[in-house]
Amino acid sequence: MTTPLFIGGLGPPELLLIAGILILLFGASKLPELARSMGSATGEFKKGRQEVEEELEEIQDDDEEVSAEADAETSGDTERSNA
């Protein structure tokens, strides 16, 4: 069993510590640029995920249509052989 890094979650002291470390690493002038690039990367990721989900839904719908057509043909063949 793993122990979470912050047992009580991320509170104000932890967030201030993380912000301080980021300022030391990147400098105050680079943080807005870093945040913008992370935001645009997140947006691109969400857009890509949405496109993949739409493609998977289309494939699933096509498979259902093919399955329904096959069932209709099978029931038609059964009716013809019973007549």
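As a reminder, the structure under discussion sits directly above these lines.
This structure is a prediction, so every number in the text was calculated from the model and none was measured.

**Observations concerning the overall build of the protein chain**
Secondary structure assignment for the protein chain yields 2 helices and 0 strands. Per-residue burial over the protein chain gives 2% buried out of 83 residues. A total accessible area of about 7,500 Å² is found for the protein chain, and carbon and sulfur atoms account for 60% of it.

**What to know about helix α1 (residues 12-26)**
Note that an α-helix has 3.6 residues per turn; residues three or four places apart therefore point the same way. Its 15 residues give α1 an end-to-end C-alpha distance of 21 Å, which sits within 8% of 21 Å, the value for a rise of 1.5 Å per residue. Directly after α1, the chain includes glycine 27, whose backbone phi takes a positive value near 85°.

**Comments concerning the environment of leucine 22**
Mapped onto the fold, leucine 22 is located in helix α1. Sequence-distant contacts of leucine 22, defined by excluding residues within four places in its chain, comprise Gly27 and Leu31.

**Notes on a negative patch on the surface**
A contiguous patch of negative charge, built from Glu51, Glu54, Glu55, Glu57, Glu58, Asp61, Asp62, Asp63, Glu64, Glu65, Glu69 and Glu73, is present on the exposed surface. One can find aspartate 62 in helix α2 (residues 31-82).

**A look at the pattern of salt bridges**
Tallying each qualifying case throughout the model produces 2 salt bridges. Here lysine 47 and glutamate 44 are joined by a salt bridge, their closest N and O atoms 3.7 Å apart. Of this pair, lysine 47 and glutamate 44 both sit in helix α2, 3 residues apart, which is roughly one turn of that helix.

Reading guide: rules and limits
Residues numbered from 1 in each chain as written. Predicted model: local features only at pLDDT ≥ 70, side-chain atom pairs only at ≥ 80, totals over all residues. Heavy atoms only, no water. Helix = DSSP H or I, 4+ residues; strand = E, 2+ residues; numbered from the N terminus. Buried < 20%, exposed > 50% of the residue type's maximum accessible area, 1.4 Å probe, protein only. Areas by Shrake-Rupley, 256 points an atom, 1.4 Å probe, with all protein chains shown as cover. Expected span 1.5 Å × (residues − 1). Contact = heavy atoms within 4.5 Å. Patch = residues over 30% accessible without salt bridge, like charges linked within 9 Å, V, L, I, M, F, W, Y side chains within 5 Å. Salt bridge = Lys/Arg side-chain N within 4 Å of Asp/Glu carboxyl O. Lys, Arg positive; Asp, Glu negative; His and termini not counted. Charge placed at Lys NZ, Arg CZ, Asp CG, Glu CD.

The values reported here are purely geometric and, on their own, carry no functional implication.
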